[in-house]
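Here is what each chain is made of, one letter per residue.
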Amino acid sequence: MKKQFISVALTVAMAASAFAGCGSKAEEAAPAASEAAATSEAAAPADGEKTYALVPKSAGNPFNEREASGFEEAVKAAGGKCVISYPDQATAEAQITVINSLISQGVDSIAVAANDANALSAALQDAEKAGIKVCTLDSDVAAADRAVFCNQAGVQEIGQALMDAIYDLTGGEGDYAILSATSQATNQNAWIEAMAQIAAADEKYAKLNLVEVAYGDDEPQKSTDQTNALLQKYPDLKVICAPTTVGIAAAAKVLQDAGSSVKLTGLGLPSEMKEYIGDDDAHSCPYMFLWNPIDLGALAAYTSMALVDGTITGAEGDTFETPLGNYTIAKNGEATEIILGQPFKFEPSNIEEWAAVY
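Reading the values: rules and limits
Residues numbered from 1 in each chain as written. Predicted model: local features only at pLDDT ≥ 70, side-chain atom pairs only at ≥ 80, totals over all residues. Heavy atoms only, no water. Phe/Tyr/Trp six-rings, centres within 6.5 Å; stacked < 30°, edge-to-face > 60°. Buried < 20%, exposed > 50% of the residue type's maximum accessible area, 1.4 Å probe, protein only. Lys NZ or Arg CZ within 6 Å of the ring centre and 35° of its normal. 1 Å grid on protein atoms, 1.4 Å probe; cavity = no way out; pocket = protein on both sides within 12 Å on 5 of 7 lines; lining within 4 Å. Points joined across faces, edges and corners; volume = space filled by probe spheres on them. Helix = DSSP H or I, 4+ residues; strand = E, 2+ residues; numbered from the N terminus. Axes fitted to C-alpha atoms, helices over the stretch in contact; angles between N-to-C directions. Parallel < 35°, antiparallel > 145°, perpendicular 65-115°, else oblique. Left-handed = near helix turned anticlockwise from the far one by under 90°. Contact = heavy atoms within 4.5 Å. pLDDT = per-residue confidence, 0-100. Pairing = 2+ DSSP bridges. Expected span 1.5 Å × (residues − 1). Salt bridge = Lys/Arg side-chain N within 4 Å of Asp/Glu carboxyl O. Core = buried A, V, L, I, M, F, W, Y, C linked by side-chain atoms within 4.5 Å.

Caption draft 1: Spatial organisation of the packing of aromatic side chains. All told, the structure shown has seven aromatic pairs when counted by the stated rule. Aromatic side chains Phe320 and Tyr327 sit 6.3 Å apart centroid to centroid with 35° between the ring planes, which places their arrangement in the tilted category. Take Phe320: its relative accessible area is 6%, and that puts it in the buried class. Classification of Tyr327 as buried rests on a relative accessible area of 7%. Aromatic rings pair up to connect Phe344, Phe346, Trp354 and Tyr358 into one cluster. The cationic tip of Lys204 hangs over the ring face of Tyr167; the distance from NZ or CZ to the ring centre is 4.7 Å.

Set out below in structure tokens:
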């Protein structure tokens, strides 16, 4: 995993121009209609040029924008046409509008970070009927509605890392809460379920008490409000775990500004969290985890291109080569996935280094 992070540090200069473009498009697309933005991006591809589309969860989300920068850089380096189509809200309905627009434009592939596991089904099946290859990243849909899922890290590995952090920061006992994104987010729900299973299976966690799973809907203000509500409702709260980059940043500010003794962990962007990470009482977050969103976006691009050119179909055992490394599609229950890597721990000793990268 360290090698992948270093590779991004070396290539970030190349990605910078692409990222800047994605950021400006995000600002233009929200709250303007994403359908119009998608149309302008996909106009008039050259003869023989393939068009690869990415539908993030929402505009204005730094994690999504970094995914988009990796996706765009990979597609352009391969000589393809890139379309980044942000929905105007973090909802399934807004993503459906974008997907339908992309179908009408005749793109070759769609990679989507789903806001809902089931609600996109009809739109994605329409895309497949139109001959468009579909994969997912970050947050999955039903296996029948896409070829393969690009998973940032294994669900069990993330659940284990977060439960062990909660155990560590509580001293092995006491109240903790989870601040999630939306209640329908498949990735968040899978990680939270894995955490519950891990806690139930090992006596080590028996003295930990989950008081609430709160939902900030990946909105900074709502995440702030939910954090304040948790502090008011649970005076004995020891730890908040926020497995969402928007939620952890909002919670970190609330806790640090209030001088709260409640500690924070979860999944966050180094550049957004560096001022909150420290090993003293002046910092709200001793450490957190994440993977590389730029690499995740790039993996979705390489997967999209491999699906379009027929190198893979999304079936278990399919293999393909990318600049990130060689990948083999694995089975996860009834679905297939490609795992980017292990979660990476950000702590006081390395946060400055990685905050300069993303």
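Now that the structure is up, let's keep going.
Caption draft 2: Representation of empty space enclosed by the protein. Taken as a whole and assessed by the stated rule, the structure comprises two cavities of 30 Å³ or more. Its volume calculated, the largest cavity comes out at about 130 Å³. Lining the largest cavity are 16 residues, and of these Phe63, Asp138, Gln188, Thr244 and Thr245 lie nearest its centre. Only helix 3 (62-77) and helix 7 (186-201) provide two or more residues apiece to the lining of the largest cavity.

Caption draft 3: A look at the packing of helix 8 (residues 220-233) against helix 9 (residues 245-258). The N-to-C vectors of helix 8 and helix 9 enclose an angle of 50°; their axes lie 8 Å apart at closest approach. With respect to each other, helix 8 and helix 9 are oriented oblique. Here helix 8 runs over helix 9; the crossing is right-handed. Residues Pro220, Ser223, Thr224, Thr227, Asn228 and Leu231 of helix 8 touch helix 9, and the partners they reach there are Val246, Gly247, Ala250, Ala251, Val254 and Leu255.

Caption draft 4: Quick look at the confidence of the model for the protein chain. With 87% of its residues at a pLDDT of 70 or more, the protein chain has an overall mean of 88. In the model, residues 1-46 has pLDDT below 50 throughout and makes 76 contacts with residues more than four positions away in sequence or in other chains.

Caption draft 5: Main features of the sheet that holds strand 3 (residues 109-112). Judged by pairing direction, the sheet is mixed, and its seven strands sit side by side in the order 2-1-3-4-5-14-13 without closing on themselves. The open sheet is flanked by strand 2 (81-84) and strand 13 (330-332), the only strands paired with a single partner. Here the strands of the sheet are splayed against their neighbours by 30° on average, with no regard to which way each runs. Across four bridges, strand 3 lies against strand 4 (residues 133-137) in parallel orientation. Paired with Ile110 across the two strands is Val134, which belongs to strand 4. The strands that helix 11 (residues 293-309) touches are strand 1 (51-55), strand 3, strand 4, strand 5 (149-151) and strand 14 (335-339); relative to strand 4, the one it contacts most, it runs at about 160°.

Caption draft 6: Quick peek at helix 9. If you check helix 9, its first and last C-alpha atoms are 20 Å apart, about what 14 residues at 1.5 Å a residue would give, namely 20 Å. The buried fraction of helix 9 amounts to ten of the 14 residues, a majority that puts the element mostly inside the structure. All buried positions along helix 9 are accounted for by Thr245, Val246, Gly247, Ile248, Ala249, Ala250, Ala251, Ala252, Val254 and Leu255.

Caption draft 7: Focus on the environment of Leu162. Structurally, the position occupied by Leu162 is in helix 6 (residues 155-170). A relative accessible area of 1% means that Leu162 is categorised as buried. Distance in space between the C-alpha atoms of Leu162 and Phe289 is 8.2 Å, their sequence separation being 127 residues. Apart from residues lying up to four places away in sequence, Leu162 is in contact with Met195, Cys241, Pro243, Gly266, Leu267 and Phe289.

Caption draft 8: The arrangement of the pattern of salt bridges in detail. Taken as a whole, this structure holds eight salt bridges when the rule is applied. Between Lys76 and Glu72 there is a salt bridge, and its shortest N-O distance comes to 3.0 Å. You can see Lys76 and its partner Glu72 sitting in helix 3, four residues apart, about one turn around the helix. Here Asp257 and Lys253 are joined by a salt bridge, their closest N and O atoms 2.8 Å apart. Here the residue Asp257 and the residue Lys253 both occupy positions in helix 9, the gap between them amounting to four residues, near one helical turn. Here Lys253 falls in the partly exposed class, since its relative accessible area comes to 44%.

Caption draft 9: Up close: the pairing of strand 14. With four of five residues buried, strand 14 is to be regarded as a mostly interior element. Here strand 13 folds back onto strand 14 in antiparallel fashion, the turn holding two residues, of which Gly333 has a positive phi close to 65°.

Caption draft 10: View of the nonpolar core. One finds Phe71, Leu264, Met273 and Trp291 to be the most contacted residues of the largest nonpolar core, which totals 83 residues. It is helix 11 that provides the largest number of residues to this core, a total of ten residues. Aside from chain neighbours lying at most four places away, what touches Phe71 is Tyr52, Ala53, Leu54, Cys82, Ile84, Ala111, Gly297, Ala298, Ala300, Ala301 and Ser304. Counting residues in each nonpolar core, the second largest holds 19 residues, with Val55, Val107, Ile110 and Val112 among its members.

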